[in-house]
Amino acid sequence: MASVNTRPSRVLSGMRPTGRLHLGHYHGVLKNWLRLQDEYECFFFIADWHALTTHYETPWVVGDNVWEMVIDWLACGVNPKLARLFIQSRVPEHAELHLLLSMITPLGWLERVPSFRDQQEQLHDRDLATYGFLGYPLLQAADVLIYKATEVPVGEDQVAHLELTREVARRFNHLYGREPDFEEKAQEAARKMGKKNARLYHQLRQRYQQEGDREALEVAYALLEGQPNITVADRERLYGYLDGSSRELLPEPEVLLTPTAKMPGLDGRKMSKSYGNTIGLREPADEVARKLRTMPTDPARVRRTDPGTPEKCPVWDFHKVYSDESTQQWVQQGCTTAGIGCLECKRCIIDAVEAELAPIRERAQEYEADPEQVRALIVDGCEQAREEARETLSEVRSAMGLEYR
Ligand code: TRP
Ligand code: SF4
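Since the structure is predicted, the reported quantities are computational estimates derived from the model, not experimental observations.

About the thresholds
Residues numbered from 1 in each chain as written. Chains lettered and ligands numbered in written order. Predicted model: local features only at pLDDT ≥ 70, side-chain atom pairs only at ≥ 80, totals over all residues. Heavy atoms only, no water. Near = heavy atom within 4 Å. Polar contact = N/O pair within 3.5 Å; in protein donor to acceptor, adjacent residues only side chain to side chain. Areas by Shrake-Rupley, 256 points an atom, 1.4 Å probe, with all protein chains shown as cover. Helix = DSSP H or I, 4+ residues; strand = E, 2+ residues; numbered from the N terminus. Nonpolar A, V, L, I, M, F, W, Y, C, P; charged D, E, K, R; others polar. Domains from an automatic or database assignment. Contact = heavy atoms within 4.5 Å. Buried area = accessible area lost by both parts, 1.4 Å probe. Salt bridge = Lys/Arg side-chain N within 4 Å of Asp/Glu carboxyl O.

## Brief notes about the site of ligand 1
- Taken together, 14 residues lie near ligand 1, and Arg16, Tyr136, Gln140, Asp143 and Gln158 sit nearest.
- Between Gln140 and ligand 1, the recorded distance is 3.0 Å, taken from a side-chain N or O atom to a nitrogen atom.
- In this structure, a nitrogen atom belonging to ligand 1 sits 2.9 Å away from a side-chain N or O atom of Gln158.
- Here ligand 1 has 370 Å² of accessible area as a free molecule, and 88% of this is covered by the chains.
- Only strand E1 (10–15) and helix H8 (136–145) provide two or more residues apiece to the shell around ligand 1.
- The leading source of residues in the shell around ligand 1 is H8, at four residues.
- Partitioning the shell around ligand 1 into residue classes produces seven nonpolar, five polar and two charged.

Here you go:
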């Protein structure tokens, strides 16, 4: 759908298969994807090569987590009918684009990316002074640019990578520009829509470009959207010729920063595998309940009769995610007056988390029981993604003069 005043959006995002998914992923990423898949054309992929940059010594970790991650996505409601789901390494075009982009990317740009130094310092048990690790953000740029994604939903920590992606795209476009015969090709593409549509397209374009008529632009977007038989490349040309803005071969993507509630962990810090404070998406109910029952509370509440302060208690953070206004008031009142016990207070959380996880666990079981179905759907997604990737790559090769005949 062409939304108001913009070109149709395409969302792309990836996740590294380095461990099992937990509630932090669900609240921080997946719930957002569920919303996006209804609104945008979405590409979601398993970034297995990115996982290898840090896990090259234990590649089986990556292998073990690829299918588990797909199952978790599906169990959470990511829908392969709405979004294309695929595995990065099954679309080797990413690697070729990464290589080509590496030719034009100054070393300093990569060395300056903050995560490069930070991670090297944080993960000091691994040797990350590798070529692959340095190239991490550039591989990510290739992931994004190969699908001409317009929007990339990522967390704060990834913003610098998107900035690099934009810089690399700009540099590429500057160096190789658009096709030399762009205008002719656009005219030709217009003719492929049929005489009537082509005439309408040119009229609308003129109204927009000469009179700044935004409505004409939107009508023209809708016209292009409704053309089932033109190729992706032609469509791109027609959009570019129409609005005069994005004639570039590799459009610069925008960051889609999403206001997601930070999922607290069991110890009051952010939920994260490295803190060991997680609740896994497929953990059995009794294990989840045990973890919540034993999680720390406000240390001031030594005895049941000691009043406490919810703001000093990790359980309160869970209430902020899971409980409605009246339950939150009940906690505030009960905690500060010692009117309720901590186990009582945790009971609602245990129930709420279980209500969230039970259907996920159940759906996951269906997929676990039918691995062939899961594989088949990924094969499908990979094939669809590859088609798009091939198309962009062929334009890139041609722009760089690599299509020797
Ligand atoms: N680097 C991302 C992360 O660690 C994963 C990723 C790889 C990605 N390629 C991407 C995210 C492209 C968005 C777009 O979370
Ligand atoms: Fe924490 Fe609830 Fe106990 Fe207060 S009553 S300390 S909020 S668990």
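## Quick look at the domain arrangement of the protein
- Per the domain assignment, the segments making up the protein are domain 1 (10–177 + 252–261 + 371–399), domain 2 (182–243) and domain 3 (282–368).
- Centre-to-centre, using C-alpha coordinates, domain 1 lies 31 Å away from domain 2.
- Facing four residues of domain 1, the contacting portion of domain 2 comprises four residues.
- With both chains or domains summed, domain 1 and domain 2 bury close to 320 Å², and 55% of this area falls on carbon and sulfur atoms.
- Scanning the region where domain 1 abuts domain 2 turns up zero salt bridges.
- Across the side of domain 1 that touches domain 2, the residue classes tally to no nonpolar, no polar and four charged.

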